[in-house]
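These are the residues of each chain, in order.
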Number of protein chains: 2
Amino acid sequence: MPAPIDFYFDFSSPYGYLASEQIDALAARHGRDVVWRPILLGVVFQQTGGQPLLNIPLKGGYARHDLARSARLLGLPFQLPSTFPFLSVAACRAFYWLRDQDPAGAVALAKALYREAFGKGGDIDSGEAVLRIAESAGVGVGVGVGDAGGAGRAGGAGEMAAALNDPAVKQRLRDEVSQAISKGVFGSPLFVVDGEPFWGHDRLDQVDLWLQRGGW
Amino acid sequence: MPAPIDFYFDFSSPYGYLASEQIDALAARHGRDVVWRPILLGVVFQQTGGQPLLNIPLKGGYARHDLARSARLLGLPFQLPSTFPFLSVAACRAFYWLRDQDPAGAVALAKALYREAFGKGGDIDSGEAVLRIAESAGVGVGVGVGDAGGAGRAGGAGEMAAALNDPAVKQRLRDEVSQAISKGVFGSPLFVVDGEPFWGHDRLDQVDLWLQRGGW
């Protein structure tokens, strides 16, 4: 089995949302799995002097236009949340906590969070919002999310809620971000294929070609 | 005849070089002309807070890798000049001075300058270098570049050389850059197709599709 593709992204990254709707199918066409790796771009920007794309004069206005246009081309709904950029710490913690117990569920949660934020323009920055979306998406059920009284459900909403403030989960996220930076990750989305980094939603074409040709 | 495509670029922009090798053929497939519009990104960055891509921590290292990889994919030679980023003022002045007399020659000059800088890693920041490249490329001949004694040549190297320090040419470049900024140009390469802006070499695919479909 060839190595999986690493998919680094920030839940606050709209181009990450576009990529999140394509990367699994792209990888599957080449017999590859995808490891979803949410990070906190704000921490990266402290080192690179970067700033949120949409806040940059001229470039920000263009990016809003480009995002809507790219989403139309892909047939994806697109709307920016009213609060943007937003903190994605809760989303990341929920993701990593869930992944250790239910990797597929964590990916489903990531997709649901992205769709809420950029497909519907909803806010996903609070722990409450993350818990609500997890429950709506039916993920985390059986490992603590959802109504404890529901049939077939183990645990309750309290477990994921507690995880969001669990020092071990907080440290886990810090470690993931540090590891990503140490590997040279500086933006979102960023894909690593067999050690080769590709940055940007607009590099998915090259990722596809790289997998097809085995590099060039 | 449909409107031409505006192609904004800085001679110091390596992704602009990649685009310069593709845009004319792409446009021709759709029956479009291209208006080549060199600008000075440094002036733009004063307003946007931008900085040369390759100087940015982490991102700069990636960009060097990405540029070489993208050039390989296109089958283009690629090498960064020893001085990089460099001042492209002389190149821009020569271009606009020549365009008023020989538009096709100006485009040929632009391509020759780009190939020297990023195909061969040569320096094109000085007026001397620009004049040498113009002569090698056989452009500007007949309107002042080249050896005055050569058969069939009007003028001499002196005319383009003088133009590089002509206050009217200097002002012309300032006006071109100001107009570009007033139209929202903030990066290189940047294409405008029927009023629709596309930023980045990696948006040529969308430019192609936009021309094919008439938008989406």
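Everything here concerns the structure above.
What comes next is a walk through the structure. (Residues numbered from 1 in each chain as written. Chains lettered and ligands numbered in written order. Predicted model: local features only at pLDDT ≥ 70, side-chain atom pairs only at ≥ 80, totals over all residues. Heavy atoms only, no water.)

A closer look at the interface of chain B and chain A
Opposite the 29 residues of chain B that make contact, chain A presents 29 residues. Between chain B and chain A, roughly 2,800 Å² of surface is buried when both sides are summed, and carbon and sulfur atoms account for 57% of that area. The partner of R203 of chain A in a salt bridge is D66 of chain B, with the nearest N and O atoms 2.8 Å apart. Put simply, chain B and chain A have 18 residue pairs in polar contact (both at pLDDT 80 or more) between them. Looking at the side of chain B that touches chain A, the elements that each hand over two or more residues are α3 (41–48), α4 (59–74), β4 (196–199) and α10 (204–213) of chain B. By residue number, the principal contributor to the side of chain B that touches chain A is α4 of chain B, which donates 8 residues. For the side of chain B that touches chain A, the per-class residue count stands at 14 nonpolar, 6 polar and 9 charged. (Contact = heavy atoms within 4.5 Å. Buried area = accessible area lost by both parts, 1.4 Å probe. Salt bridge = Lys/Arg side-chain N within 4 Å of Asp/Glu carboxyl O. Polar contact = N/O pair within 3.5 Å; in protein donor to acceptor, adjacent residues only side chain to side chain. Helix = DSSP H or I, 4+ residues; strand = E, 2+ residues; numbered from the N terminus. Nonpolar A, V, L, I, M, F, W, Y, C, P; charged D, E, K, R; others polar.)

Considering empty space enclosed by the protein
Residues and elements named next belong to chain B. Throughout the structure, instances matching the rule amount to 1 cavity of 30 Å³ or more. Considering the residues around the largest cavity, the lining is formed by Y8, R37, P38, I39, Y96, E176, Q179, A180 and K183. Secondary structure elements with two or more residues in the lining of the largest cavity: β2 (34–38) and α9 (167–182). Of the residues in the lining of the largest cavity, the class split is 5 nonpolar, 1 polar and 3 charged. (1 Å grid on protein atoms, 1.4 Å probe; cavity = no way out; pocket = protein on both sides within 12 Å on 5 of 7 lines; lining within 4 Å. Points joined across faces, edges and corners; volume = space filled by probe spheres on them.)

A closer look at the relation of the copies chain B and chain A
Once chain B has been moved 0.0 Å along the axis and rotated by 180°, it coincides with chain A to within an RMSD of 0.0 Å. In symmetry terms, the pair is related by a two-fold rotation axis. Residue D202 of chain B, judged by its C-alpha, is the member of chain B lying nearest the rotation axis, at 3.2 Å. Most of the interface of chain B is mirrored in chain A, where 100% of its interface residues are also at the interface. (Least-squares fit on C-alpha atoms with pLDDT ≥ 70 in both.)

Digging into the packing of aromatic side chains
All names here are of chain B. Considering all chains together, one arrives at 42 aromatic pairs over all chains under this definition. Between the aromatic rings of F78 and F118, the centroid separation amounts to 6.4 Å while the plane-to-plane angle is 5°, which identifies the pairing as stacked. Here F78, found in the loop between α4 and α5 (89–99), pairs with F118, found in helix α6 (residues 103–119); they are 40 residues apart in sequence, far enough to count as distant. Taking relative accessible area as the criterion, F78 reaches 22% and is therefore assigned partly exposed. (Phe/Tyr/Trp six-rings, centres within 6.5 Å; stacked < 30°, edge-to-face > 60°. Buried < 20%, exposed > 50% of the residue type's maximum accessible area, 1.4 Å probe, protein only.)

With respect to the packing of helix α6 (residues 103–119) of chain A against helix α7 (residues 127–137) of chain A
Residue and element names in this part refer to chain A. Following both chains from N to C, one finds α6 and α7 inclined at 115°, their axes separated by 9 Å at the closest point. Considering how the two elements wind past one another, α6 and α7 form a crossing that is right-handed. Every residue of α7 that contacts α6 at L109, A112, L113 and E116 is listed here: V130, R132, I133, A134 and A137. Residue composition of the contact of α6 with α7, grouped by class: 7 nonpolar, no polar and 2 charged. (Axes fitted to C-alpha atoms, helices over the stretch in contact; angles between N-to-C directions. Left-handed = near helix turned anticlockwise from the far one by under 90°.)

Brief notes about helix α4 (residues 59–74) of chain A
Over its 16 residues, α4 of chain A extends 22 Å from the first C-alpha to the last, a length consistent with the 22 Å expected when each residue adds 1.5 Å. Where α4 of chain A is concerned, the buried positions are G60, Y62, A63, D66, L67, R69, S70 and A71 of chain A. Among the structural elements, α1 (14–20) of chain A together with β4 and α10 of chain B are those in contact with the buried residues of α4 of chain A. G75 of chain A, located one to two residues past α4 of chain A, shows a positive phi value of around 75°. (Expected span 1.5 Å × (residues − 1).)

Observations concerning the layout of surface pockets
Looking at the second largest pocket, its volume works out to about 690 Å³. Lining the second largest pocket we find 30 residues, and of these D202, D205 and Q206 of chain A together with D202 and D205 of chain B sit closest to its centre. At the level of elements, α2 (23–29), α4 and α10 (204–213) of chain A together with α2 (23–29), α4 and α10 of chain B are the ones that each hand at least two residues to the lining of the second largest pocket. When its residues are assigned to classes, the lining of the second largest pocket shows 12 nonpolar, 8 polar and 10 charged.

Section: the sheet that holds strand β1 (residues 5–9) of chain A
All names here are of chain A. The strand order across the open sheet formed by 4 strands is β2-β1-β3-β4, and the pairing between neighbours is mixed. In the strand order of this sheet, the two ends are held by β2 (34–38) and β4 (196–199), each with one partner. The sheet shows a mean angle of 20° between the axes of neighbouring strands, taken without regard to direction. Note: strand β3 (residues 190–193) against β4, 4 bridges, orientation antiparallel. Of the residues in β4, the one forming a bridge with L190 is W199. In the packing of α10 onto the sheet, contacts are made with β1, β3 and β4, and the angle to β3 comes to roughly 10°. (Pairing = 2+ DSSP bridges.)

A closer look at the environment of S12 of chain B
Residues and elements named next belong to chain B. With respect to the helices and strands, the residue S12 is situated in the loop between β1 (5–9) and α1 (14–20). Among the residues examined, S12 registers a relative accessible area of 10% and is labelled buried. Separated by 28 residues in sequence, S12 and L40 place their C-alpha atoms 8.6 Å apart. Polar contacts involving the side chain of S12 include one to the main-chain amide nitrogen of F86, which spans 3.2 Å.

Quick look at α3 of chain B
Residues and elements named next belong to chain B. Residues L41, V44, F45 and T48 constitute the buried set of α3. Seen from one end, α3 has its buried residues packed into an arc of 100°, which puts them on one side. Exposed positions of α3 whose direction lies more than 90 degrees from the buried face are Q46 and Q47. Residues of α3 that are buried sit in contact with α9. (Arc of directions from axis to C-beta.)

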